[in-house]
Amino acid sequence: MTDANTQIKETVTANDVVLFMKGTSQMPQCGFSSKVAGVLNYMGVEYTDVNVLADEAIRAGIKDYSDWPTIPQLYVKGEFVGGCDIITEMTLSGELDTLLEENGVAFNKEAADTIRAHNS
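Residues numbered from 1 in each chain as written. Predicted model: local features only at pLDDT ≥ 70, side-chain atom pairs only at ≥ 80, totals over all residues. Heavy atoms only, no water.

Draft legend 1. Examining the pairing of strand S4 (residues 79-82) more closely. One ladder, built from 3 bridges, connects strand S3 (residues 73-76) with S4; its direction is antiparallel. Among the inter-strand pairings, Tyr75 is bridged to a residue of S4, identified as Phe80. Hairpin connection of S3 to S4: 2 residues between the antiparallel strands, including Lys77 at a positive phi of 50°. (Pairing = 2+ DSSP bridges. Helix = DSSP H or I, 4+ residues; strand = E, 2+ residues; numbered from the N terminus.)

Here it is as C-alpha cells:
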C-alpha cells in the first residue's frame, strides 16, 4: 500500500462518516462538495472532512481507493457510498436516512424530511 492509501484507509475506518471533498465542511471549494457538505451539515451528521486540495497524493489516491473518478466521496462506516449525484438521490429518496440509521449514525430526521419536502 502507498502512504496515501494507508492514510485513506485509516481515515475511513477510524471515523463513522468521512467526506473527501474540495475544501472543508465550513468552506467548500466546489459546488458539488458544497452540496454534499450542506446536506450533511443541515441534517446534523457528525463527519470528518478531508480537504483533497491540501494534499495531491490524497486527491489522486482517493480516486484509486474507491475506483470512483470524482470528488466529493462519502464513506459511512468504512464503506464508499457515492458522490454528489448519488448522495442527492439517496437524500431525496430517504435511502440516506436508512443507511445512517442502519449504521447507528445520528442525524436530524426532521431536517431530512424538510429537505425532501422542499425538493418534491
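Draft legend 2. A look at unusual backbone geometry. Cis geometry is found at the peptide bond from Ile71 to Pro72, where omega equals 20°. Along the chain, Pro72 falls in the loop between helix H3 (56-66) and S3. Its identity as a non-glycine residue notwithstanding, Asp67 has a phi of 60°, on the positive side. Mapped onto the secondary structure, Asp67 falls in the loop between H3 and S3.

Draft legend 3. The pairing of strand S2 (residues 48-51), seen in detail. Both strand S1 (residues 17-21) and S2 contribute to a ladder of 4 bridges, which runs parallel. The partner of Val18 across the bridge, within S2, is Thr48. Note that the unit made of S1, helix H2 (residues 31-42) and S2 has a crossover that is right-handed. (Right-handed = clockwise from strand over helix to strand, strands pointing away.)

Draft legend 4. Spatial organisation of the side chain of Arg116. Structurally, Arg116 can be placed in helix H6 (residues 109-118). Overall, Arg116 belongs to the buried group, its relative accessible area being 16%. Of the polar contacts made by the side chain of Arg116, one reaches the side chain of Asp97; its length is 2.7 Å. Apart from residues lying up to four places away in sequence, Arg116 is in contact with Thr91, Leu92, Gly94, Asp97 and Lys109. (Buried < 20%, exposed > 50% of the residue type's maximum accessible area, 1.4 Å probe, protein only. Polar contact = N/O pair within 3.5 Å; in protein donor to acceptor, adjacent residues only side chain to side chain. Contact = heavy atoms within 4.5 Å.)

Draft legend 5. Fine view of the state of the cysteines. A full pass over the atoms with the stated rule returns 0 disulfides. Unpaired in this structure, Cys84 has its nearest cysteine sulfur neighbour in Cys30, at a distance of 8.0 Å. (Disulfide = S-S within 2.5 Å.)

Draft legend 6. Structural detail: H3. Along H3, the residues that are buried comprise Ile58, Gly61, Ile62 and Ser66. Seen from one end, H3 has its buried residues packed into an arc of 115°, which puts them on one side. Exposed side chains of H3 directed beyond 90 degrees from the buried face belong to Glu56 and Asp64. Contacts from the buried residues of H3 go to helix H1 (3-14), S1, S2, S3 and S4. The distance from a side-chain oxygen at the start of H3 to the backbone nitrogen of Ala57 is 2.9 Å, and the residue carrying that oxygen is Asp55. (Arc of directions from axis to C-beta.)

Draft legend 7. Highlighting helix H4 (residues 84-93). Cys84, Ile87, Thr88, Met90 and Thr91 are the residues of H4 that are buried. What you see down the axis of H4 is that its buried residues fit within an arc of 165°, all on one side. Exposed positions of H4 whose direction lies more than 90 degrees from the buried face are Asp85 and Glu89. Structurally, H4 contributes buried residues whose contacts are with H2, S3, S4, helix H5 (95-102) and H6. Among the residues trailing H4, Gly94 stands out with phi positive, at a value near 90°.

Function-wise, these values are silent; they only describe arrangement.
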